[in-house]
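So the chains spell out like this:
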Amino acid sequence: QVQLVESGGGLVQAGGSLRLSCAASGTIFSTNIRSWYRQTPGKQRELVAAITSGGSTNYGDSAKGRFTISRDNAKNTVYLQMNSLKPEDTAVYYCHVYYQSGLGPKVYWGQGTQVTVSS
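Described below are features of the structure shown in this document. (Residues numbered from 1 in each chain as written. Predicted model: local features only at pLDDT ≥ 70, side-chain atom pairs only at ≥ 80, totals over all residues. Heavy atoms only, no water.)

1. Examining the overall build of the protein
Along the backbone of the protein there are zero helices and 11 strands. Listed N to C, the secondary structure of the protein is β-β-β-β-β-β-β-β-β-β-β in terms of helices and strands. For the protein, whose C-alpha radius of gyration is 14 Å, the value lies close to the compact-globule estimate of 14 Å for 119 residues. C-alpha extents for the protein along the principal axes are approximately 50 × 25 × 20 Å. Going through the 119 residues of the protein one by one, you find that 41% of them count as buried. For the protein, the proportion of contacts with a sequence separation of at least 24, taken over those separated by at least 6, is 53%. Surface exposure of the protein reaches about 6300 Å², of which carbon and sulfur atoms provide 48%. For the protein, the centre of its 11 positive side-chain charges and the centre of its 6 negative side-chain charges are spaced 5 Å apart. (Helix = DSSP H or I, 4+ residues; strand = E, 2+ residues; numbered from the N terminus. Rg over C-alpha atoms; globule rule 2.2 N^0.38 Å. Buried < 20%, exposed > 50% of the residue type's maximum accessible area, 1.4 Å probe, protein only. Contact = heavy atoms within 4.5 Å. Areas by Shrake-Rupley, 256 points an atom, 1.4 Å probe, with all protein chains shown as cover. Lys, Arg positive; Asp, Glu negative; His and termini not counted. Charge placed at Lys NZ, Arg CZ, Asp CG, Glu CD.)

2. Some remarks on the pattern of salt bridges
Going through the model one piece at a time under the given rule, you end up with four salt bridges. Note that Asp-89 is salt-bridged to Arg-38, the shortest N-O span being 2.9 Å. In this pair, Asp-89 sits in the loop between β8 (77-82) and β9 (91-101) while Arg-38 sits in strand β4 (residues 32-39), placing the two residues 51 residues apart along the sequence. The pair formed by Asp-89 and Arg-38 is uniform in burial state, with each residue classed as buried. (Salt bridge = Lys/Arg side-chain N within 4 Å of Asp/Glu carboxyl O.)

Structure follows, in structure tokens:
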């Protein structure tokens, strides 16, 4: 069983920065995609950023130019550096992992961490 634990959320003023971390425990296949999603009340969860085990990245439109996703495979940890934060970035941020196992696709979510950006 895979567990994802996020940390680093909190309250920050507009223009500030936060760094989220997501540590994974359990067995994750070496070929995988680690992602960050976010969700606000009444809205669908949206992709913020994703990174493959090879280091290729993809960003949602809201994150481009301001957020950077990275990973430390040795630590099974993925990071999201968020700069120039805006009030509209306020959301619960969720860590996510996807990989193909011998039994089919596997998807796991973290419990979420709250990010609040004040104006």
